[in-house]
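Structural overview
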Amino acid sequence: MEPHQKKQPFANSGIVVPVEPEDAARELRSAGKKNIDPNDPLLLLHFQQMVEQNCFIAGGGKFVAPAQRMADFSNGKLSSSLPANSYLPGLNPAPLKDVLPGFIYQSLARGFTEFGKKMHGYYTNDAVVVATESRTSSPVRIPRNAENGSHPQLQNFYPCGEGAGYAGGIVSAAMDGEKIARQLVSLFV
Ligand SMILES: Cc1cc2nc3c(=O)[nH]c(=O)nc-3n(C[C@H](O)[C@H](O)[C@H](O)COP(=O)(O)OP(=O)(O)OC[C@H]3O[C@@H](n4cnc5c(N)ncnc54)[C@H](O)[C@@H]3O)c2cc1C
């Protein structure tokens, strides 16, 4: 996050846990969802929806997010208070071990203690773990021809950027947009 002139006292970072289709299918099944098809192209979106709903409920509604101090998170201990933070709808202390899918919780809890061994001061109860940013880049990709960037079936359709599955951040989205814009200029101008 880039607050105006970086004048805020807070630093934010998203910590990513890879999710494979089999993880999503397993977690959806264990949450009691019926007829889970491991080949469903929307499988990971169903998983994302389930995680978001669980966090929404644990926050108590109105987009208040469930949160825990970092060491409390890794030790599975409910935080009795939370430090000041930059998340405007607000935070609600919650046991994230019971909110997040088990494999995500385990990866993060272990990861934070490992980061702490390598970066002095990282693993601290002054930091707050907020659940959850549930996407990085698009889980699906719209196909396009490598040579001219057009969709293989739809005429005059040029997928690009994050939503089409070709970028994962500001710079890669900008570069992909520029690439496709140059294609269009060479084709039509
Ligand atoms: C909270 C948050 C924090 C982020 N922080 C970072 C960060 O720190 N660093 C980083 O690198 N990336 C960050 N990202 C990711 C980054 O913002 C995106 O990867 C990037 O903006 C994607 O650019 P884009 O042009 O592909 O898509 P977008 O920026 O989403 O642009 C798509 C545009 O299309 C418009 N649109 C949609 N449908 C239609 C339609 N039918 N007709 C016309 N227009 C339409 C939308 O209104 C929008 O303006 C963050 C994203 C979020 C949500």
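How each quantity is defined
- Residues take numbers from 1 onward in each chain, read along the sequence in its written order.
- Under the rules for a predicted model, residues below a pLDDT of 70 receive no local features and side-chain atom pairs below 80 are neither given nor counted, while totals for whole chains, interfaces and linings still include all residues.
- Calculation of side-chain values draws on the structure's entire complement of heavy atoms; hydrogens and water are dropped beforehand.
- In this description a helix means any DSSP run of H or I spanning at least four residues, a strand means any run of E spanning at least two, and both kinds are numbered starting from the N terminus.
- To estimate how far a helix should reach, multiply one less than its number of residues by 1.5 Å.
- Relative accessibility under 20% of the residue-type maximum defines a buried residue, over 50% an exposed one, and the middle range a partly exposed one, all with a 1.4 Å probe and only protein chains included.
- Residue contacts follow a heavy-atom distance rule, with two residues in contact if any of their heavy atoms lie within 4.5 Å.
- Axes here mean lines fitted to C-alpha atoms, for a helix over just the part in contact, with angles spanning 0 to 180 degrees between N-to-C directions.
- Orientation categories follow fixed angle ranges, with anything under 35 degrees roughly parallel, anything over 145 roughly antiparallel, 65 to 115 roughly perpendicular, and all other angles oblique.
- Take the far helix as your reference; a near helix turned counterclockwise from it by less than a right angle gives a left-handed crossing, and one turned clockwise gives a right-handed crossing.
- All residues other than Ala, Val, Leu, Ile, Met, Phe, Trp, Tyr, Cys, Pro, Asp, Glu, Lys and Arg, Gly among them, are scored as polar; the first ten of these are nonpolar and the last four charged.
- Each polar contact in these results corresponds to two N or O atoms within 3.5 Å; when the atoms are within protein, one needs to be able to donate a hydrogen and the other to accept it, and residues that are neighboring in sequence are counted only if both atoms are side-chain atoms.
- Residue ranges assigned to the domains are those given by an automatic or database domain assignment.
- Strand pairing is assigned whenever DSSP identifies at least 2 bridges connecting the two strands.
- By definition here, a salt bridge exists when the distance from a side-chain nitrogen of Lys or Arg to a carboxyl oxygen of Asp or Glu is within 4 Å.
- Working definition: rings of Phe, Tyr and Trp (its six-membered ring) pair if their centres are within 6.5 Å, and the pair is stacked with planes under 30 degrees apart, edge-to-face with planes over 60 apart, and tilted otherwise.

Some points on helix α5 (residues 102–118)
With 17 residues, α5 should cover 24 Å at 1.5 Å per step; its first-to-last C-alpha distance of 25 Å lies within 8% of that length. Phe103, Ile104, Tyr105, Leu108, Ala109, Gly111 and Phe112 are the residues of α5 that are buried. Along its buried surface, α5 packs onto α1 (21–30), α2 (43–59), α3 (70–75), α4 (96–99) and β3 (128–130).

A few points about the packing of α1 against α2
Contact pair α1 / α2: the axes reach a minimum separation of 9 Å and the direction vectors enclose 50°. With respect to their mutual orientation, α1 and α2 come out oblique. Seen from above, α1 lies across α2 with left-handed handedness. Facing Pro21, Ala24, Ala25, Glu27 and Leu28 of α1, the residues of α2 in contact are Leu43, Leu44, His46, Phe47 and Met50. Here the contact of α1 with α2 is built from residues that sort into eight nonpolar, one polar and one charged.

Points about the side chain of His151
Relative to the elements of secondary structure, His151 occurs in the loop between β3 and α6 (170–188). Relative accessible area serves as the criterion here: at 10%, His151 is assigned to the buried category. Within the structure, His151 has its side chain in polar contact with the backbone nitrogen of Leu154 (distance 3.0 Å). The residues touching His151, leaving out its near neighbours within four places in the chain, are Ile142, Pro143, Arg144, Asn145, Phe157 and Pro159.

So, the domain arrangement of the protein
When the domains of the protein are assigned, the result is domain 1 (4–130) and domain 2 (137–189). Here the C-alpha centre of domain 2 lies 31 Å away from the C-alpha centre of domain 1.

Some words on the pairing of strand β1 (residues 65–69)
It is a general feature of regular strands that their side chains alternate between the two faces of the sheet. With five of its five residues buried, β1 lies for the most part within the structure. The sheet contact formed by β1 and β3 spans three bridges and is antiparallel. Within β3, the residue paired with Gln68 across the bridge is Val129.

Some words on the pattern of salt bridges
According to the stated counting rule, one finds six salt bridges in the structure shown. The salt bridge involving Arg144 is made with Asp176; its shortest N-O contact spans 2.8 Å. Taken as a pair, Arg144 in the loop between β3 and α6 and Asp176 in helix α6 lie far apart in primary sequence, 32 residues in all. Each of the two residues, Arg144 as well as Asp176, counts as buried. Note that Arg182 and Glu178 form a salt bridge whose closest N and O atoms lie 2.8 Å from each other. In this pair, Arg182 and Glu178 are both assigned in helix α6, four residues apart and thus about one turn of the helix distant. With a relative accessible area of 56%, Arg182 lands in the exposed category. Note on Glu178: relative accessible area 42%, which makes it partly exposed. Here the residues in one salt-bridge network are Asp23, Arg26 and Glu27, joined through shared partners.

Here we look at the packing of aromatic side chains
Where two aromatic rings form a pair, the distance of their centres and the angle of their planes describe that pair. For the structure on display, the rule yields six aromatic pairs. Seen in terms of ring centroids, Tyr158 and Phe188 are 6.5 Å apart; in terms of plane orientation they differ by 90°. Their pairing is edge-to-face. Linking Tyr158 in the loop between β3 and α6 with Phe188 in helix α6, this pair joins segments that are 30 residues apart in sequence. Judged by relative accessible area, Tyr158 falls into the buried class, the value being 18%.

What to know about the sheet that holds β3
Adjacent strands of a sheet form backbone hydrogen bonds with each other and so pair up, either parallel or antiparallel. Pairing is mixed in the open sheet, where three strands are placed in the order β2-β1-β3. The sheet is open, and its two borders are formed by β2 (91–93) and β3, each paired with just one other strand. Each strand of the sheet is rotated relative to its neighbour by a mean of 40°, with strand direction disregarded. Relative to β2, β1 runs parallel, the two being bridged by three bridges. Directly across from Pro66, in β2, lies its bridge partner Asn92.

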